[in-house]
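What the coordinates show
Residues per chain, in single letters:
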Amino acid sequence: MLTMYLYTFAQQENCLSTLHLKILDASSGIGIEDVTAYIPQQQKGNHSNQTGELSIEKLCTGEYTLICKHLNHEEKKEKINIKAGDNTKIIYMTCHTDTLHNVTIKGARLHWEETQVIHRIQDKDLFLSQGLSLGKALEKVNGVYNLSTGNNISKPILRGLHSNRVLILNNEIRQEGQQWGNEHAPEIDQFVAKRIEVVKGAQTIKYGSDVIGGIILVTPNPLQEIDGVGAEINTGFISNGRATAISMLLEGRKDSWKGFAWRIQGTLKRSGNTHTPDYFLKNTGMKEMNYSGAIGYQHKKINVELFHSYFNTELAIFAGSHIGNLTDLYNAFNATRPIDSSGFTYKIDMPYQHVLHQLTKVSTSYQVNRIGLLKFIAGYQQNIRKEFDRNIVALQPDGSYKPSLHFVLKTQYYNLSVAHIPIKKWTGESGMNAVLQTNEYFGSYFIPNYQKNAGGIYFTEKWHQHAFSAEGGIRFDVNQLAIQKWENNILLHRTHSFAGLAASTALRYQLPFFTFHVNAGTTWRAPFVNELYSYGVHHSAASFEMGDSLLVQERSYNTSLTIDFNHKNNFQAELTIYNNYIKNFINMQPVLPATLTIRGAFPTFQYLQTDVNMFGIEWSATTAITPKLQWHCKGNVLYAKDITQDAYLFGMPPARFESDLDYTLFQKAQNNIHFMVNASYTTKQQLVDQQLDYVPPPDAYFLLHSEWVADWLIAKQIMHFNIGVNNILNTRYRDYLNRNRYFANENGRNFYFRCSIPLFISSNKKLETNKN
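A tally of helices and strands in the chain yields five helices and 41 strands. Computed over the C-alpha atoms, the radius of gyration of the chain is 28 Å, within 12% of the 28 Å expected from 2.2 N^0.38 for a compact globule of 772 residues. Projecting the C-alpha coordinates of the chain onto the three principal axes gives extents of approximately 110 × 60 × 60 Å. With the model as given, the accessible surface of the chain reaches about 33100 Å², and the carbon-plus-sulfur share is 58%.

As a further point, take the packing of aromatic side chains. According to the stated counting rule, one finds 26 aromatic pairs in the structure shown. Relative to Tyr346, the ring of Phe344 has its centre 4.9 Å away and its plane inclined at 80°; by these criteria the two rings are edge-to-face. Exposure remark for Phe344: the relative accessible area of 23% places this residue in the partly exposed category. The exposure class assigned to Tyr346 is partly exposed, which follows from its relative accessible area of 28%. Three or more aromatic residues link up through ring pairs in this structure, and these residues are Tyr330, Phe333, Phe605, Tyr694, Tyr742 and Phe743. Here the guanidinium or amino end of Arg270 rests over the ring plane of Tyr346, the centre of that ring lying 4.0 Å away.

Turning our attention to the pairing of strand 6 (residues 73-82). Relative to strand 6, strand 5 (residues 62-70) is paired through eight bridges, and the arrangement is antiparallel. Bridging across to strand 6, Tyr64 finds its partner in Ile80. Hairpin geometry of strand 5 and strand 6 is characterised by an intervening segment of two residues between the two adjacent antiparallel strands.

The five strands lie next to each other as 8-13-14-11-12, forming an open sheet whose pairing is mixed. Because the sheet does not close on itself, it has two edges, and the strands there are strand 8 (119-122) and strand 12 (173-174). Note that strand 13 (residues 195-200) and strand 14 (residues 214-219) share six bridges and pair antiparallel. If you follow Val199 over to strand 14, its bridge partner there is Ile215.

Right, let's talk about the environment of Thr664 for a bit. Here Thr664 shows up in strand 37 (residues 656-668). Spatially, the C-alpha atoms of Thr664 and Leu687 are 40 Å apart, while their sequence positions differ by 23 residues. Apart from the residues within four sequence positions on either side, Thr664 is in contact with Lys628, Ile673 and His674. Within polar-contact distance, the side chain of Thr664 engages the side chain of His674 at 3.4 Å.

Right, let's get into the state of the cysteines. One pass over the full model with this rule turns up one disulfide. Disulfide pairing places Cys15 opposite Cys60 at an S-S distance of 1.9 Å. Taking the torsion about the S-S bond as the criterion, the Cys15 to Cys60 disulfide, at about 90°, is right-handed. Note that Cys15 is positioned in the loop between helix 1 (2-13) and strand 1 (17-25) and Cys60 in the loop between strand 4 (53-59) and strand 5, a separation of 45 residues in sequence.

A residue-level look at the chain finds 93% of positions with pLDDT of 70 or above and a mean pLDDT of 87. Here residues 1-12 scores under 50 on pLDDT; set against residues more than four positions off or in separate chains, the count is zero contacts. Here residues 766-772 is modelled with pLDDT under 50, and outside its nearest four sequence neighbours on either side it reaches six contacts, counting other chains as well.

Right, let's talk about the pairing of strand 29 (residues 543-546) for a bit. Side chains Ser543 and Glu545 of strand 29 all project onto a buried face; the interleaved residues Phe544 and Met546 project onto the opposite face, where all are buried too. Across four bridges, the pairing between strand 28 (residues 535-538) and strand 29 is antiparallel. Looking at the pairing, Tyr535 lines up with Met546 of strand 29. In this sheet, strand 34 (residues 604-624) lies alongside strand 29 in parallel orientation, the contact comprising three bridges.

The next subject is the sheet that holds strand 3 (residues 44-47). If you trace the four strands from one edge of the open sheet to the other, you get 3-2-5-6, paired in antiparallel fashion. Each of the sheet's edge strands pairs with one partner strand only, and the pair in question is strand 3 and strand 6. Taking the axes of each pair of neighbouring strands and ignoring which way they run, one obtains an average angle of 20° across the sheet. When strand 2 (residues 36-39) meets strand 3, the two strands line up antiparallel, connected through four bridges. Note that in strand 3 the partner of Thr36 across the bridge is His47.

Along the chain, Val529 falls in helix 5 (residues 529-533). Classification of Val529 by relative accessible area gives buried; the value is 0%. Taking the C-alpha atoms as reference points, Val529 and Asn449, separated by 80 residues in sequence, lie 9.2 Å from one another.

Where helix 4 (residues 326-334) is concerned, the buried positions are Leu329, Ala332 and Phe333. Projected down its long axis, helix 4 shows its buried positions confined to an angular sector of 105°, all on one face. Seen from the open side of helix 4, the exposed residues pointing more than 90 degrees away from its buried face are Thr327 and Asn334. Of the surrounding elements, those touching the buried residues of helix 4 are strand 33 (600-602).

Rules of the game
- Numbers given for residues are sequential positions, taken from 1 along each chain in its written order.
- Under the rules for a predicted model, residues below a pLDDT of 70 receive no local features and side-chain atom pairs below 80 are neither given nor counted, while totals for whole chains, interfaces and linings still include all residues.
- With hydrogens and water stripped out, all remaining heavy atoms of the structure feed into the side-chain values.
- Working definition: helices are DSSP H or I runs of at least four residues, strands are E runs of at least two. Numbering for both runs from the N terminus.
- In this treatment the radius of gyration is a C-alpha quantity, and the globule benchmark scales as 2.2 Å times the residue count to the 0.38 power.
- Areas reported as accessible are Shrake-Rupley estimates using a 1.4 Å probe. Residue values count occlusion only from the protein chains shown.
- Within 6.5 Å between ring centres, the rings of Phe, Tyr and Trp (the latter by its six-membered ring) count as paired, and their orientation is classed by plane angle as stacked under 30 degrees, edge-to-face over 60, tilted in between.
- The cut-offs for exposure are 20% and 50% of the maximum accessible area for each residue type, with area from a 1.4 Å probe on protein chains only; residues under the lower value are buried, those over the upper are exposed, and the others partly exposed.
- Placement of a charge over a ring requires the Lys NZ or Arg CZ to be within 6 Å of the ring centre, with the centre-to-atom vector within 35 degrees of the ring normal.
- Pairing between two strands requires that DSSP report at least two bridges joining them.
- By definition in these notes, contact holds between two residues if any of their heavy atoms fall within 4.5 Å.
- Under this definition, polar contacts are N or O atom pairs within 3.5 Å; protein pairs additionally need one hydrogen-donor-capable and one acceptor-capable atom, and for neighbouring residues in sequence, both atoms have to be side-chain atoms.
- Cysteine sulfurs are considered disulfide-paired once they come within 2.5 Å of each other.
- Looking at any residue, its pLDDT shows the predictor's confidence there, from 0 to 100.
- In this analysis an axis means a line fitted to C-alpha atoms, helices contributing only their contacting stretch, and an angle means the value between N-to-C directions, from 0 to 180 degrees.
- Here, the arc refers to the directions that run from the helix axis to the C-beta atoms.

Here's what the structure looks like:
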């Protein structure tokens, strides 16, 4: 009896420990309210408060499994070691994903009361985009187009806006890489991303006042979510151009490393000359080599991360776009096929561009008691761009060619923010950021040397009450641009200074089956150096461009209404109506006739300023026709008017409509096979002066695609496979948003294959065993 008493007493002595938890959203770092956390082995648990904090008392020492559940987040299981006394731990939870389909992608809200409309590409949708450029991948989002120069160079257009009006955040850092050029694609390896999010319009201003078109967030998998050691291999092949791509990732976290996690990743891509239904496009290959690495440390309330990425690419420029004289140029405009053609080769000849981009990021965050999450981010980028062409000016004595254009851009980025703890029904964030940038050019003049210094301060607050949410924000920015250029053998120094306020508000109201989102905001953007001072041949764009140093800053007034409808998950639809009035809008327009230089004859473009209004409608829907068959459709129309000139705006996307069927061929447990057919129709751009351009807008076209997608459990790993064909009918067409439409057709039929193979090496988690 005494022995039993002593055992019971000792057991009670070991069951007086307390576990203090702080549960945060993995994306925002904000505490999550009403999380259920429990330890099944001890049958004890609790619920988190408004700040995401909770305590579980009278726990026995030992190793157990902690389970955290929340309505809008993925279930989280972690192994914990309860020691005598107080135990503290931070848990990160990931939001549920809510995608309509890879055609109509409707992103999950960062929180269920989120006011912004966010479209997200992740998981299977992201897999189906692997091997494509960032711009091509984002075309899956309704209302997103591509501004392209050939097949390999593209950048996203959001509601008619692109380049400096669309902000890309690469792992929390503003992507800075000569994005002012129409043919300067974002230097981002898409294989790094775990998810890509698109926020259209001026719905958020925390990242800058120049976000007139929208924001694209490219985000890797958070290091704190890594469990054990794992690897992933992604590979693909594309028949048109005989393109191959392979990317490998290795990441790990071990309990013995006491809070450290790491990741390394690399990608190789190569393609040769692509072909239309009738001919090869000479000099349209590319090659790319990228890598990235990250290491992080997490302990209690602190989180530190170091990230570095390296992007190196050579992109051939279609040879048929560089013409020697005016007569041949106008003949090329009117020809049905390029004057200069060839067969297939992987060789990259002149003209071509070589781009090297490096990004380094250091971030640290600290959860301050009774205040909130304090976060600091510092980033450094170096972008080296060289554009080569075979001309007399670039010819060296040894017969080689120096770059016709050569830029070295260096950018420092700093951001300091505080997301305060929830105060009753209020959450918010305030902060400041700064950009320090220098650019040097070597060789021929196109834009001058410049130094850009910009900074801003912002405040945002959000309020939520049951079915209603509201959010507002305000920021103030200053922007200074100093340039140095030669004019008449005199070195000129000029400084342009800009400043202004930006503000946005968003409302959300939820009814049974319906959710309403209303967004409004005003932002501004300073004219960039190319708009002010460009003059000369832009080789990779095959154009002669002229700026205007008297341009003033743009001011945008943006409003939108989005209505979501969801009926028992059998029918989902989304309708968005938006209007964007931009005062002093800067647009690059054709100027006839073409310009003849010693480098050849080129179409001429000039930056002009006017007041415009952009009105558009976007819609998408999906429904289950049968348990195995789903139908999806989407479409968008943009009406852009030059108010000052009472004319349509040049260079705006034409209307586009898509529809597809998704049939489940096989589904059992974790194995499934889907077959999909997609049809798209792009109209002729009638809303533009047909005589304004060198070539009238191309005719409307219809494209048909199909693909098979399989997820299969092999050796305890779910592998993903995708086989498909684009442009099944081998349609001859030209894209209004592709600069090469002046000279050649788009690519013809294209077969592709891709697969993703995860390799799970070890885990920190142990399987739970049921005790009878």
